[in-house]
Amino acid sequence: MSSHDLNPLAGNSMKKYIAISIVAISIVVAIAVAALSNGQEVLKATGAGRWYPADPEELAAQVDSFLKEKPDSAPDGKPVALISPHAGFVYSGKCAGAAFAAVKGLRYGRVIVLGISHGGPFTGASIRQAAAYMTPLGSIPLDQEACSELLEHKLFSTVPAAHTLEHSVENELPFLQRAIRGKFKLVPILIGSVTPAQTKDIARRISALLDGNTLLVASSDFTHHGRDYVRFSTDLKANLEKLATAAAKPILALDFDGFRKHITRTGDTICGCNAIGVLLCALPRGSKGAIARYYTSGDITGDYANSVGYLSFIFTKGAAMLNAQGQATLLDVARKTIEAAIEGKKLPVIVVDAPELQGHQGAFVTITKAGKLRGCIGRFTADEPLYKVVQQVARSSALEDPRFVNQRLTADELAAINIEISVLSPMERVKNPLEEVKLGVHGIYIQRGARSGTYLPQVATDHNMTLEEFLSSCCANKAGLSPD
């Protein structure tokens, strides 16, 4: 482990922590767990006095000062997930504080923290079951029901050695205790060695717990430069920032495969990359992310050759409305694609860097001429960036709509067509359509057995339908079901 991982005692300049470290030695030796009278364990913090102050008042004051850091950017809405560093608070505290500031004063009934093991290696995910987790700021009860539910799956187990003196989960807890309003239950998970398939399987189990009352936190520092990883020898600060920007791009796009490719291509030493991978796969499609803060330990110590990068992120659920520029870009992509497809040319190679067009969202492209439909094809889900989805369905709308097999769109019509793009938010199951579906706002997808049908929101408004007519028409005319 690099001295800049960063334990605040690593630097001689941090004199006020030296006396604390002497006390901490006896704490670390003595604390493993304390037993409650009912036989359940309370996990005690092992990092107090090493990674952060052991004194409750000093710790609370320090964390509160970090929570005053305003995020550099944040998506709209209540956060559903954060990525936060786990180094010594004097190093990474401001970066963590900028992310946790987004949940300050908010209520969550449950928090899932994804950490890593800096000690013994293991495969899969490990959960240390207990009654509670104790920090200098008090105890946090564990969500034993959720922990037990996860442990029923083969990829989840309890690996005690992985949790010994492990700080990646623990260092997030004081921020949660000072930021979140009221009590919450904790699900602490360490992510070990995992294949891409195992990552997605673990994420599916965790995503089932992500209701509107649950916060997901991935604990990770970023590039550890020096000793075992020396990528740059000149312009260190600028090159490290470029590497961090390259790592952040697929994270913001929820692009797990892209993030893996970044790690493979660069060898980037992001210690919590597996925890981040699980978070990326677990978040609802269409979630929006933003970078809360970035800097390196070199910005504090002056030593960039031996440094650790700190990046924190904030994620909110649901697809945000595209801004005017994003809408114009997608329309341009669709029109150029349709023109090339109809004229028999190769589709244009289009690369879009706008972050809001990188999300994995479904989309429909509707082509009309003089108010009459000339093609409409779409996809509900996607595993690639939005702008690529729009290009694919635009081509399909022009050439493959089965309703126009004998009257395909021609080049002579290009000047007269109108193109409409519908970007979809993640689908949600409804129990009572007559109460939950909002006319003109929600599109619907109805399925029974092998039959299914869909209507976009504008179908109701374009045809002056009532809600019952909207639902019944989709059943009868699109899904081939009884109107009721």
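Residues numbered from 1 in each chain as written. Predicted model: local features only at pLDDT ≥ 70, side-chain atom pairs only at ≥ 80, totals over all residues. Heavy atoms only, no water.

## Considerations on the side chain of threonine 296
Turning to its location among the elements, threonine 296 is positioned in strand E12 (residues 288–296). Assessed through its relative accessible area of 4%, threonine 296 is described here as buried. Polar side-chain contacts of threonine 296 include one of 3.1 Å to the backbone nitrogen of glycine 298. Not counting chain neighbours up to four residues away, the residues in contact with threonine 296 comprise Tyr304, Val308, Gly309 and Tyr310. (Helix = DSSP H or I, 4+ residues; strand = E, 2+ residues; numbered from the N terminus. Buried < 20%, exposed > 50% of the residue type's maximum accessible area, 1.4 Å probe, protein only. Polar contact = N/O pair within 3.5 Å; in protein donor to acceptor, adjacent residues only side chain to side chain. Contact = heavy atoms within 4.5 Å.)

## Here's the deal with the nonpolar core
Buried together is how nonpolar side chains tend to be arranged in soluble globular proteins. One finds Leu114, Ile189, Ile206, Leu279 and Phe315 to be the most contacted residues of the largest nonpolar core, which totals 44 residues. Considering every element that reaches this core, the biggest residue donor is helix H10 (residues 273–282), with 6 residues. Membership of the second largest hydrophobic core comes to 38 residues, among which are Ala45, Val63, Phe66 and Val111. (Core = buried A, V, L, I, M, F, W, Y, C linked by side-chain atoms within 4.5 Å.)

## Points about the pattern of salt bridges
Using the criterion set out here, one finds 17 salt bridges in the structure. The network of salt bridges with shared partners includes Glu69, Asp72 and Arg293. (Salt bridge = Lys/Arg side-chain N within 4 Å of Asp/Glu carboxyl O.)

## Side note on the confidence of the model for the protein
Mean pLDDT over the protein stands at 88; residues scoring 70 or higher make up 91%. Of the regions scoring below 50 in pLDDT, residues 9–39 engages in 38 contacts with residues more than four places distant in sequence or in other chains. (pLDDT = per-residue confidence, 0-100.)

## Considering the packing of aromatic side chains
With the rule as written, the count across this model stands at 10 aromatic pairs. Measuring from ring centre to ring centre gives 4.9 Å for phenylalanine 89 and phenylalanine 175, while their planes differ by 50°; the resulting arrangement is tilted. Of the two residues, phenylalanine 89 sits in helix H3 (residues 89–100) while phenylalanine 175 sits in helix H6 (residues 173–179), which places them 86 residues apart along the sequence. For the residue pair phenylalanine 89 and phenylalanine 175, the accessibility class agrees, reading buried in each case. By the ring-pair criterion, three or more aromatic residues cluster together here, those being Tyr52, Phe66, Phe89, Phe100 and Phe175. (Phe/Tyr/Trp six-rings, centres within 6.5 Å; stacked < 30°, edge-to-face > 60°.)

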